[in-house]
Every structure is written in structure tokens, then in C-alpha cells.
Amino acid sequence: MIYAHPHSRRSSANRRLLEAAVTVPSVTVHDLYEHYPDFNIDAQAEQRALQTADLLVLQYPTHWYSLPPLLKLWIDTVLEYGWAYGPNGTALAGKHLWCVTTTGGLRDSYSVEGIHGHAYEDFLLPLRQTARLCGMSWLPPWVLHGVPHLDTDALLTWSTHYRDQLTRYPTWITDSN
Ligand SMILES: Cc1cc2nc3c(=O)[nH]c(=O)nc-3n(C[C@H](O)[C@H](O)[C@H](O)COP(=O)(O)O)c2cc1C
């Protein structure tokens, strides 16, 4: 799991989800902002770490309908031509990609009538196509909406759900590509 939160200590949702994820024995968590405070990503080390994974989880808070900057830089740096795509670029082919993200906006605000004007999934199109270009299987994203409206009990429920999903991987996978 690649975890990217610029201010993880101030997080209410992602931090709790992360705490749940680290308890799952089959999951290796990689905290990008902790590991690369200088944004100097080691592409080869990242590529080596990815090689043994069946599932790549990207967990992050939504920032301006997109990824936090270090996660975008991670994609730019690690998914190299000839490794992730292009000639012989098959290192990620066949792996699952699961996007797990949180929003401040409520679910209803992500619609044509809502303040954000689009379904949330519309904003994931670049990431989805990135997965496709790399031959990865795109899993139905998990978007936890309206974080400011979630109390401690709700966050605990979602964290438990998340831990269960990770524990039961890959039993809940249906082909969604
Ligand atoms: C720079 C920045 C940009 C944000 N952009 C969005 C956005 O585009 N859509 C949205 O619904 N929430 C947005 N938010 C709210 C965050 O998504 C929300 O605070 C976060 O998901 C809560 O998770 P956390 O408790 O782990 O920090 C933004 C927050 C920040 C700081």
C-alpha cells in the first residue's frame, strides 16, 4: 500500500484507515511523506518493492479533485517507460490497482447537480487509464465521502470495513475492467 497524506498527524480519516491496514499481515504499508520528506523518490527501490505485490493500494486524501503532489510525483517517477508501459514494460501487468481515497465533499455534492459538477469517479479517469496503460486491473474505488461529517464511531466502522476488505483480498474481486 502506498499511503500519501501531506499532514498525516492532522488526519482524522486516513490515519485511522492506515492504523487498520497495518494490522493486516499480508499488507506492506509505505508512507510516502514519511519516507521521502525531501520528495527525492528512489525509483528503483520503489520498483523492486512493487514486484512482489499482487495488489497495489493507493490511499490518500483527495486534494483538488486529484492526488497529493508526492503521490503524483511517485507515479511520474516510478512508472517508467520500458518498465511499467511501452516496450517490455510489463512489470505491473496483471496486478490489481485499488484506489482508496477520502473527500471533504459529501457524496451528493459529487453529481451533475452538485457543487462539484461530476460523479467522483469522473475525477479518477486519469488514474484509471494509467492502470489500463500498465495492464493493471482497476478495482472499484473506495471513496469515503464527507469526512468532516463522520464521527469517531463512523470512522471506526469504516476502518474495520477497510481492514476486512484487505484481509479478504482477493475473494471480493470481480472483473470490473
Ligand atoms: C489542499 C486541499 C485540497 C482539497 N481538495 C478537495 C477536493 O477537491 N474535494 C474534496 O471533496 N475535498 C477536498 N479537500 C478535503 C480533503 O479531501 C479532506 O480534508 C480529507 O479527505 C480528509 O481526510 P483526513 O482526515 O485523512 O485528512 C481538500 C483538502 C485540502 C487540504
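Model, not experiment: these values are computed from the prediction.

1. Brief notes about the site of the ligand
At step 1: By nearness alone, 16 residues border the ligand, and H5, S11, T62, T102 and Y110 come closest of all.
At step 2: A13 places a polar main-chain atom, nitrogen or oxygen, 2.9 Å from an oxygen atom of the ligand.
At step 3: Interatomic distance of 2.6 Å between a side-chain N/O atom of T102 and an oxygen atom of the ligand.
At step 4: Here the ligand loses 71% of its free accessible area of 640 Å² to cover by the protein chains.
At step 5: Here the shell around the ligand is built from residues that sort into six nonpolar, 10 polar and no charged.

2. Digging into the environment of L50
At step 1: Within the element layout of this structure, L50 appears in helix α3 (residues 43-51).
At step 2: Classification of L50 by relative accessible area gives buried; the value is 6%.
At step 3: Through-space distance from the C-alpha of L50 to that of V78 is 9.7 Å; in sequence the pair is 28 residues apart.
At step 4: Sequence-distant contacts of L50, that is, excluding residues within four places in its chain, are made with L56, W74, V78, W83, L92 and K95.

3. Quick look at unusual backbone geometry
At step 1: The omega torsion across Y169 and P170 is 5°, close enough to zero to call that bond cis.
At step 2: The residue P170 is located in the segment after α6 (152-168) in this model.
At step 3: Positive phi, close to 65°, is recorded for F39, a residue that is not glycine.
At step 4: Within the secondary structure, F39 is located in the loop between α2 (32-35) and α3.

4. So, the packing of aromatic side chains
At step 1: By the definition in use, this model includes 12 aromatic pairs.
At step 2: Between the aromatic rings of W98 and Y162, the centroid separation amounts to 5.9 Å while the plane-to-plane angle is 50°, which identifies the pairing as tilted. With a gap of 64 residues between them, W98 in strand β4 (residues 96-102) and Y162 in helix α6 connect regions that are remote in the sequence.
At step 3: Aromatic side chains W142 and Y162 sit 5.4 Å apart centroid to centroid with 25° between the ring planes, which places their arrangement in the stacked category. Note that W142 is positioned in strand β6 (residues 142-144) and Y162 in helix α6, a separation of 20 residues in sequence. Judged on exposure class, the residue W142 and its partner Y162 are both buried.
At step 4: Taken together, the ring pairs connect W98, W142, W158, Y162, Y169 and W172 into an aromatic cluster.

5. Comments concerning helix α1 (residues 13-21)
One full turn of an α-helix is made of 3.6 residues, so residues set three or four places apart face in the same direction.
At step 1: Looking only at α1, the buried set comprises A13, N14, L17, L18, A20 and A21. Along the long axis of α1, the arc covered by the buried residues comes to 160°, so they all point the same way.

The rules we used
- Residues numbered from 1 in each chain as written.
- Predicted model: local features only at pLDDT ≥ 70, side-chain atom pairs only at ≥ 80, totals over all residues.
- Heavy atoms only, no water.
- Near = heavy atom within 4 Å.
- Polar contact = N/O pair within 3.5 Å; in protein donor to acceptor, adjacent residues only side chain to side chain.
- Areas by Shrake-Rupley, 256 points an atom, 1.4 Å probe, with all protein chains shown as cover.
- Nonpolar A, V, L, I, M, F, W, Y, C, P; charged D, E, K, R; others polar.
- Helix = DSSP H or I, 4+ residues; strand = E, 2+ residues; numbered from the N terminus.
- Buried < 20%, exposed > 50% of the residue type's maximum accessible area, 1.4 Å probe, protein only.
- Contact = heavy atoms within 4.5 Å.
- Phe/Tyr/Trp six-rings, centres within 6.5 Å; stacked < 30°, edge-to-face > 60°.
- Arc of directions from axis to C-beta.

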